[in-house]
Amino acid sequence: MITIATAPVKTYLSKSKIPGFDYVINPYIGCPHKCVYCYAEYMRKFTGHSEEWGEFLDVKVCEVPLRPAKLFRTRVMLSSVTDPYNPYEKQYELTRRLIKQLVVCQAQVYVLTKSALVLRDLDLFKQIPYCEVAFSFSSADDAFRQLAEPGASSVSEKTEALKILHEAGIHTAVMGAPLFPELSDWKQIIALTRPYTDRYGFDSLNMRPAYQRKVMSFIAAHYPHLLALYGDIFLQEEPTNYWSKLGEEIRDYCRAEGIPADIYFGSSRSYSGN
Ligand code: SF4
């Protein structure tokens, strides 16, 4: 049972620390998608919640509307530490109200989600001068998705949503992220989504100390045969060349196939283009 509350805020906007974006909007605090590797879990300590991350959701409330003069032609991303299309968005429609305001502001909108609910707002995306919807795929295998991202949409639902958005003329992207060693078949992700995707980004599984225990427990419970490999890659003091090799492999494949791709890890990071 998830705890839902409202959280008054002074503004929905945050200055972006992510390169390429001017502002970030996180309509919610918390995320019921419950990804096992969730990089946003550190947010919990700022909330005062005693519930586990994934067990609470604060719906932000702000009386001040977004200002067109401030946001005209700026690059606005939704979202960085929550999913703007979590299942409760269906009921609260907060992301939809914010997108409506961004239409008026004529901002450039970049959506990152793991939910097919994003399709609901296709009518609004069509009114934005530049809108990109990106889906994260850690795997093309829904059995893995169910274990690692239990609250998110299925692989087939995301793929179908990607197709519909692409065919409607919306810019689309696929983030192959996070890549789990031996579990994320990135070629399969490309094969599944290539006809409907304008560009790709790939990122490694980020094993910060705060998440190590959770992710290693996940591997031990579901993929025990990979525990030693994960130990070698993530727990040794000496850095391994696993990510450099994987980055090069993805870069070479994408270059050969003419697939626009950014690689955010290893020695191939920041490669972009065909
Ligand atoms: S969708 Fe993103 S914010 Fe939500 S649980 Fe997964 S990784 Fe965390």
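Please read all numbers here as calculations on a predicted model, not as lab measurements.

## Some points on the nonpolar core
Link 1 in the chain: Membership of the largest hydrophobic core comes to 82 residues, with the highest contact counts inside it found for Phe125, Phe180, Phe202 and Tyr230.
Link 2 in the chain: It is helix α3 (residues 94–105) that provides the largest number of residues to this core, a total of six residues.
Link 3 in the chain: Those residues in contact with phenylalanine 180, other than ones at most four positions away along the chain, are Val36, Tyr37, Phe144, Leu205, Val215, Phe218, Ile219 and Tyr230.

## Here we look at the sheet that holds strand β11 (residues 261–263)
Link 1 in the chain: With mixed pairing, the eight strands of this open sheet are ordered in space as β2-β3-β6-β7-β8-β9-β10-β11. Each having just a single partner strand, β2 (13–15) and β11 make up the two edges of the open sheet. Ignoring strand direction, the axes of neighbouring strands in this sheet form an average angle of 20 degrees.
Link 2 in the chain: With four bridges connecting them, strand β6 (residues 75–78) and strand β7 (residues 108–113) associate as parallel partners. Across the sheet, residue arginine 75 finds its bridge partner in β7, namely glutamine 108.
Link 3 in the chain: Against the sheet, α3 makes contact with β3 (23–25), β6 and β7, and its axis sits at roughly 170 degrees relative to β6, the strand it touches most.

## Let's talk about the layout of surface pockets
Link 1 in the chain: Looking at the second largest pocket, its volume works out to about 150 Å³.
Link 2 in the chain: As for the second largest pocket, its lining consists of Leu179, Phe180, Pro181, Glu182, Leu183, Ser184, Asp185, Trp186, Tyr242 and Leu246.

## Examining the site of the ligand
Link 1 in the chain: Looking at the ligand, the residues that line it are Cys31, His33, Lys34, Cys35, Tyr37, Cys38, Tyr39, Thr82, Asp83 and Lys114.
Link 2 in the chain: For the shell around the ligand, the per-class residue count stands at five nonpolar, two polar and three charged.

## What to know about the packing of aromatic side chains
Link 1 in the chain: Summed over the entire model, instances satisfying the criterion amount to 16 aromatic pairs.
Link 2 in the chain: Ring geometry for tryptophan 53 and phenylalanine 56: centres 5.7 Å apart, planes at 80 degrees, overall edge-to-face. Phenylalanine 56 matches tryptophan 53 in its accessibility class, with the two residues each being buried.
Link 3 in the chain: Pairwise contacts between aromatic rings join Tyr37, Phe144, Phe180, Phe218 and Tyr223 into one cluster.
Link 4 in the chain: The ring of phenylalanine 137 is capped by lysine 158, whose NZ or CZ atom sits 4.3 Å from the centre of that ring.

About the cut-offs
- Residues numbered from 1 in each chain as written.
- Predicted model: local features only at pLDDT ≥ 70, side-chain atom pairs only at ≥ 80, totals over all residues.
- Heavy atoms only, no water.
- Core = buried A, V, L, I, M, F, W, Y, C linked by side-chain atoms within 4.5 Å.
- Buried < 20%, exposed > 50% of the residue type's maximum accessible area, 1.4 Å probe, protein only.
- Helix = DSSP H or I, 4+ residues; strand = E, 2+ residues; numbered from the N terminus.
- Contact = heavy atoms within 4.5 Å.
- Pairing = 2+ DSSP bridges.
- Axes fitted to C-alpha atoms, helices over the stretch in contact; angles between N-to-C directions.
- 1 Å grid on protein atoms, 1.4 Å probe; cavity = no way out; pocket = protein on both sides within 12 Å on 5 of 7 lines; lining within 4 Å.
- Points joined across faces, edges and corners; volume = space filled by probe spheres on them.
- Near = heavy atom within 4 Å.
- Nonpolar A, V, L, I, M, F, W, Y, C, P; charged D, E, K, R; others polar.
- Phe/Tyr/Trp six-rings, centres within 6.5 Å; stacked < 30°, edge-to-face > 60°.
- Lys NZ or Arg CZ within 6 Å of the ring centre and 35° of its normal.

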